[in-house]
Amino acid sequence: MNYQLAVVSGKGGTGKTTVAAAFADLAGAVVMADCDVEAPNLHLVLPHETLQARDFSGNHVATIERDACIDCGACESVCRFGAVHSQDGEYGIDSATCEGCGACTYVCPQDAVTLEPLRTGTLMLSQAAGGVFAHAELALAADGSGKLVTQVRQLASGEARASGRNVIIDGAPGMGCVVISTITGCQAVLAVTEPTQSGWHDLERVLNVTEHFRIASFVAVNKWDISPEMTEEIERRCAERGVRVVGRIPWDPAVAEAMARQLPVTRVGGPAADAIRAIWADISAQRPRQLPLKEV
Amino acid sequence: MRLAILSGKGGTGKTTVAVNLAVAFASARATVYADYDVEEPNGFIFLQPQIVSTRVVTSTYPVIGEECEPCGVCSAACTSHALAEVGGRVLVFPEICHGCGTCTLACPRGAIREKARPIGELRSGTARDGLACSEGILREGETLATTVIQRLREFAERDAGRGAQGSIVIADCPPGSSCEVMHAAEGSDLALLVAEPTAFGLHDLGLAVRLARHLELPAAIFVNKDDGSGFIDRYATQAGLPIVGRLPFDLEIARVTARGALLMDDRRYADTFIELAAAVSGLAGRSRTA
């Protein structure tokens, strides 16, 4: 079985992508996936060449054929998303609000409403140093980021099966649909947090979700030296709920420098890179047979 | 007046700016702070409002009645894949159901009824200077953030327009660029984009700018963790967007916000938000009369 590890955080901006890019560098032969399809950043620090890009239609949108429509309003009466509106007695669909459920198509006496596929994003497959890299970009203000994430996961899993490699996933902030799609079927989750009240609040919520889906979870505290007291508190609270904190990453200007040079922080070096290297050694030792481990 | 605080990238300081700006406004005018980041709402950590009201947000899901003679029509009609016909039975997966009701319309035997289930909660209360605060919270394991956001908009802002002349709503939006952000931001008078001067920050600021334009919102930028590099300034000039405020890169600021304290309570930083309040009022006022 291919081993899949997802990096999540709850709160945004805690350092998921920095850690995931460093893991890509340390893992050697590995399939990477960026599941933060709404604001993807991994491609900015993972040198790669895009092999293919294709449109993904993850949703539908209802359209009314004006010639057939008798403006009876039946569609409006069943739409629960407020997507049907009438102007001067003529009915139309607000495509930005339409969820593509098709309820309107079942009640239209004229069969004037049809569902058309809607492009919700672009799916990309790229070649990085250690293997292929699956990523995507959600269309602006589109619905269905979760479905696009599932596509990225399937692309990565297919490549992983074909090559016998494992998958490292850079996740999105939050704990809802996108994160659930990102962690489903993973063997482990690393939650990267920061030593702040917000960081802990959001970490606890995402850990409740990983626990709900019974996925093994580890925690790393990034920029821990901003508040050693809060770091200790997070470590204590994680211990109370049986979640292991696998490391502390110090605040380090080399992280910003690596980002500016479009490289994983491990290529620049420094105390943060050293800490991430130790975390990778720890996590990959959990599953020595499944996780490929280069010299670290 | 309604202000949407956006960023694209997570962790750039949306909530830091939103809560301190709300406090800066509240001493002078009727102010509503609403936390639309329903997956990870953090505003109440800083504002500590006295909670006066809570409401459960529900969504519906189908219940298959005894009249059902499995024919496959409902599972084919469900675009969320929340229904499946397996072994001569219809299985329902409530947690992925969007509550659209299409299956009830599609069933030829009228065998499907609906039940409500809780997917989140809305909370509201009052913080200092009468600052009205609301937040939405998505239940852990649930996926319908958009529904919670839409209910929060009705709950938090229903009375805002009827309040005192010159009242203001500060909408602390979720990160990202999806329809969730759209539902939280649309119809605002100004999008205040909180950006940080990093490669990731600049990339995602571009997304936030595109989203603001898509929603036809006037936009202005707040530079957070400003390192003096001029990185965001150059972009702002090119994009023709004003910079209405900035906080320096300072580990001391990180320590203040880390413990959940307000920068408005620190005389070193309070002026930043008082000046920001004046700047955004001017911009939003102009966009309203335009």
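These figures come from a predicted structure and were not determined experimentally. (Residues numbered from 1 in each chain as written. Chains lettered and ligands numbered in written order. Predicted model: local features only at pLDDT ≥ 70, side-chain atom pairs only at ≥ 80, totals over all residues. Heavy atoms only, no water.)

Colleague: Mind showing me how you'd approach the overall build of chain A here?
Modeller: Check the secondary structure of chain A and you find nine helices and 13 strands. With respect to the principal axes defined by its C-alpha atoms, chain A has extents near 70 × 40 × 35 Å. Classification of the 296 residues of chain A by burial places 59% in the buried group. The contacts in chain A between residues at least 6 apart in sequence include a share of 74% that link residues at least 24 apart. About 11,700 Å² of surface is accessible on chain A, with carbon and sulfur atoms providing 47% of the total. Side chains of chain A carry 24 positive and 35 negative charges; the gap between the two charge centres is 10 Å. (Helix = DSSP H or I, 4+ residues; strand = E, 2+ residues; numbered from the N terminus. Buried < 20%, exposed > 50% of the residue type's maximum accessible area, 1.4 Å probe, protein only. Contact = heavy atoms within 4.5 Å. Areas by Shrake-Rupley, 256 points an atom, 1.4 Å probe, with all protein chains shown as cover. Lys, Arg positive; Asp, Glu negative; His and termini not counted. Charge placed at Lys NZ, Arg CZ, Asp CG, Glu CD.)

Colleague: What exactly am I supposed to notice about helix H1 (residues 16-27) of chain A here?
Modeller: Because an α-helix packs 3.6 residues into every turn, residues spaced three or four apart end up facing the same way. Residue and element names in this part refer to chain A. Here H1 spans 16 Å end to end across 12 residues, near enough to the 16 Å set by a 1.5 Å rise per residue. Most of H1 is tucked away: 12 of the 12 residues are buried. Among the residues of H1, Lys16, Thr17, Thr18, Val19, Ala20, Ala21, Ala22, Phe23, Ala24, Asp25, Leu26 and Ala27 are the ones counted as buried. One or two steps after H1, the chain reaches Gly28, where phi turns positive at roughly 75°. (Expected span 1.5 Å × (residues − 1).)

Colleague: Sorry if this is basic, but what is going on with the sheet that holds strand E11 (residues 188-193) of chain A here?
Modeller: Strand pairs in the sheet, formed through backbone hydrogen bonds, run parallel or antiparallel to each other. Residue and element names in this part refer to chain A. Pairing within the open sheet is mixed, and its nine strands lie in the order E3-E8-E9-E2-E10-E1-E11-E12-E13. Each end of this open sheet is capped by a strand with a single partner; those strands are strand E3 (48-56) and strand E13 (244-249). Strand-to-strand, the axes of this sheet are offset by a mean angle of 20°, without reference to chain direction. For strand E2 (residues 31-34) and strand E10 (residues 167-170), the ladder comprises four bridges, and the chain directions are parallel. Within E10, the residue paired with Met32 across the bridge is Ile168. Sheet strands in contact with helix H4 (residues 145-163) are strand E1 (4-8), E2, E3, strand E8 (121-128), strand E9 (131-138) and E10, and its direction is about 170° off that of E9. (Pairing = 2+ DSSP bridges. Axes fitted to C-alpha atoms, helices over the stretch in contact; angles between N-to-C directions.)

Colleague: Can you walk me through the environment of Val132(A) in this structure?
Modeller: Residues and elements named next belong to chain A. Topologically, Val132 is positioned in strand E9. Classification of Val132 by relative accessible area gives buried; the value is 13%. In this view, Val132 contacts Val30, Val31, Met32, Leu125, Ser126, Gln127 and Glu159; residues no more than four positions away in its chain are not counted.

Colleague: Got a minute to help me understand the interface of chain A and chain B in this structure?
Modeller: Across the boundary between the two partners, chain A contributes 53 residues, which contact 51 residues of chain B. Together chain A and chain B conceal approximately 4,400 Å² of surface at their shared face, both sides included; 61% is due to carbon and sulfur atoms. It is Glu38(A), Arg80(A) and Leu140(A) that lose the most area in chain A upon contact with chain B, and together they represent 15% of the buried surface on that side. Remark: the boundary between chain A and chain B carries three salt bridges. Between the two partners, chain A and chain B, sit 24 residue pairs in polar contact (both at pLDDT 80 or more). It is helix H6 (residues 197-212) of chain A that contributes the most residues to the side of chain A that touches chain B, nine residues altogether. (Buried area = accessible area lost by both parts, 1.4 Å probe. Salt bridge = Lys/Arg side-chain N within 4 Å of Asp/Glu carboxyl O. Polar contact = N/O pair within 3.5 Å; in protein donor to acceptor, adjacent residues only side chain to side chain.)

Colleague: Hey, could you run me through the packing of helix H7 (residues 199-214) of chain B against helix H8 (residues 231-239) of chain B in this one?
Modeller: Axis angle and axis distance: for two packed helices, these are the angle between their axes and the distance between the axes, and together they describe the pair. All names here are of chain B. For the pair H7 and H8, interaxial distance at closest approach is 11 Å and the crossing angle is 25°. The angle between the axes of H7 and H8 places the two elements in the roughly parallel class. Here the hand of the crossing between H7 and H8 comes out right-handed. Contacts between H7 and H8 involve Ala199, Leu202, Leu205, Gly206, Val209 and Arg213 from the first element and Phe231, Ile232, Tyr235 and Ala239 from the second. A class-by-class count of the residues in the contact of H7 with H8 yields eight nonpolar, one polar and one charged. (Parallel < 35°, antiparallel > 145°, perpendicular 65-115°, else oblique. Left-handed = near helix turned anticlockwise from the far one by under 90°. Nonpolar A, V, L, I, M, F, W, Y, C, P; charged D, E, K, R; others polar.)

Colleague: Sorry, what's going on with the nonpolar core here?
Modeller: It is characteristic of soluble globular proteins that their nonpolar side chains tend to be buried jointly. If you look at the biggest cluster of nonpolar residues, it comprises 85 residues, and the most contacted ones within it are Leu203(A), Leu193(B) and Ile221(B). Excluding residues that lie within four positions of it along the chain, Leu193(B) makes contacts with Leu6(B), Leu205(B), Ala208(B), Val209(B), Ala219(B), Ala220(B), Ile221(B) and Phe222(B). Counting residues in each nonpolar core, the second largest holds 42 residues, with Ile45(B), Val256(B), Met264(B) and Tyr269(B) among its members. (Core = buried A, V, L, I, M, F, W, Y, C linked by side-chain atoms within 4.5 Å.)

Colleague: Even after reading the chapter, I still don't get the domain arrangement of chain B, so can you show me in this structure?
Modeller: By a frequent convention, interface size equals the accessible area lost on bringing the separate parts together. All names here are of chain B. The domain architecture assigned to chain B consists of domain 1 (2-49 + 131-289) and domain 2 (59-118). Taken over C-alpha atoms, the centre of domain 1 sits 40 Å from the centre of domain 2. Taken together, the contacts link four residues of domain 1 with six residues of domain 2. At the boundary of domain 1 with domain 2, total buried surface from both sides reaches about 450 Å², with 50% on carbon and sulfur atoms. When the buried area of domain 1 at its contact with domain 2 is split by residue, Arg139, Glu142 and Leu144 rank highest and sum to 78% of it. (Domains from an automatic or database assignment.)

Colleague: What should I look at first to understand the pattern of salt bridges in this one?
Modeller: Note that side chains of opposite charge can pair when their charged atoms are close. Residues and elements named next belong to chain A. Applying the stated criterion across every chain yields a total of 31 salt bridges over all chains. Notably, a salt bridge pairs Asp274 with Arg277, separated by 3.3 Å at the nearest N-O pair. One end of the pair, Asp274, and the other, Arg277, are both in helix H9 (residues 271-286), three residues apart, so they sit about a helical turn from each other. Judged by relative accessible area, Asp274 falls into the partly exposed class, the value being 46%. The class for Arg277 is partly exposed, based on a relative accessible area of 27%. Through salt bridges with shared partners, a single ionic network connects Glu233, Arg236, Arg237 and Glu240.

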